[in-house]
Amino acid sequence: MGALREKVTVSLYYDELVAIEKLKKRLSSDGLLVAPTTSEIVRLALHVLGKASRRELEAAVTVTPDRRAGRPKGLIKHTI
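Cut-off values and rules
Residues numbered from 1 in each chain as written. Predicted model: local features only at pLDDT ≥ 70, side-chain atom pairs only at ≥ 80, totals over all residues. Heavy atoms only, no water. Helix = DSSP H or I, 4+ residues; strand = E, 2+ residues; numbered from the N terminus. pLDDT = per-residue confidence, 0-100. Patch = residues over 30% accessible without salt bridge, like charges linked within 9 Å, V, L, I, M, F, W, Y side chains within 5 Å. Areas by Shrake-Rupley, 256 points an atom, 1.4 Å probe, with all protein chains shown as cover. Salt bridge = Lys/Arg side-chain N within 4 Å of Asp/Glu carboxyl O. Buried < 20%, exposed > 50% of the residue type's maximum accessible area, 1.4 Å probe, protein only. Polar contact = N/O pair within 3.5 Å; in protein donor to acceptor, adjacent residues only side chain to side chain. Contact = heavy atoms within 4.5 Å. Expected span 1.5 Å × (residues − 1). Arc of directions from axis to C-beta.

## Looking at unusual backbone geometry
The phi dihedral of Ala-35 falls on the positive side, at around 45 degrees, and the residue is not glycine. Mapped onto the elements, Ala-35 comes out in the loop between helix 1 (14–29) and helix 2 (38–50).

## Remarks on the confidence of the model for the protein
Averaged over every residue, the pLDDT of the protein is 86; the share at 70 or more is 80%. When mean pLDDT is compared element by element in the protein, helix 1 scores highest at 95, while helix 3 (residues 54–63) scores lowest at 93.

## Examining a nonpolar patch on the surface
Taken together, the side chains of Val-8, Val-10 and Leu-12 present a nonpolar region at the surface, about 300 Å² in accessible area. Summarising the element assignment, Val-10 is placed in the segment before helix 1. The exposure class of Val-10 is exposed, given its relative accessible area of 60%.

## Some details on the pattern of salt bridges
Throughout the structure, instances matching the rule amount to three salt bridges. The partner of Arg-26 in a salt bridge is Asp-30, and the shortest N-O contact between them spans 4.0 Å. In this structure Arg-26 comes out as exposed when scored by relative accessible area, which is 55%. For the salt bridge of Arg-54 with Glu-58, the shortest nitrogen-to-oxygen distance reads 2.9 Å. One end of the pair is Arg-54 and the other is Glu-58, both in helix 3 and four residues apart, which spans about a single turn. Arg-54 gets classed as exposed once you look at its relative accessible area, which sits at 66%.

## Focus: the side chain of Lys-24
Relative to the helices and strands, Lys-24 is located in helix 1. Separated by 3.0 Å, the side chains of Lys-24 and Thr-38 make a polar contact. Apart from the residues within four sequence positions on either side, Lys-24 is in contact with Pro-36, Thr-37, Thr-38 and Ile-41.

## Some words on helix 1
Between its first and last C-alpha atoms helix 1 spans 23 Å; for 16 residues at 1.5 Å apiece the expected length is 22 Å, and the two agree. All of the buried residues along helix 1 are Ile-20, Lys-24 and Leu-27. Down the axis of helix 1, the buried set is contained in an arc of 75 degrees. They therefore lie on one face. The exposed set on the far side of helix 1, more than 90 degrees from its buried face, consists of Asp-15, Lys-22, Lys-25, Arg-26 and Ser-29. Contacts from the buried residues of helix 1 go to helix 2. Remark: Gly-31 follows helix 1 within two positions and exhibits a positive phi of approximately 75 degrees.

Below, the structure written as structure tokens:
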């Protein structure tokens, strides 16, 4: 794991942001991470997906909403 990090911007649906917050609380309450960050959740997801079988990846792809090109119109900013 290299020490260089890049800052990126991603677009997520509101329910995905809620899922991240739930994972943060779960990891914290289970004592696995102290005050987990969104970046840690993303890195954990990359680690898990990187080890997933093709069948598991296909299942994940089928339940992931389609991405849309361009910026969303009428963007609503939610606070969680």
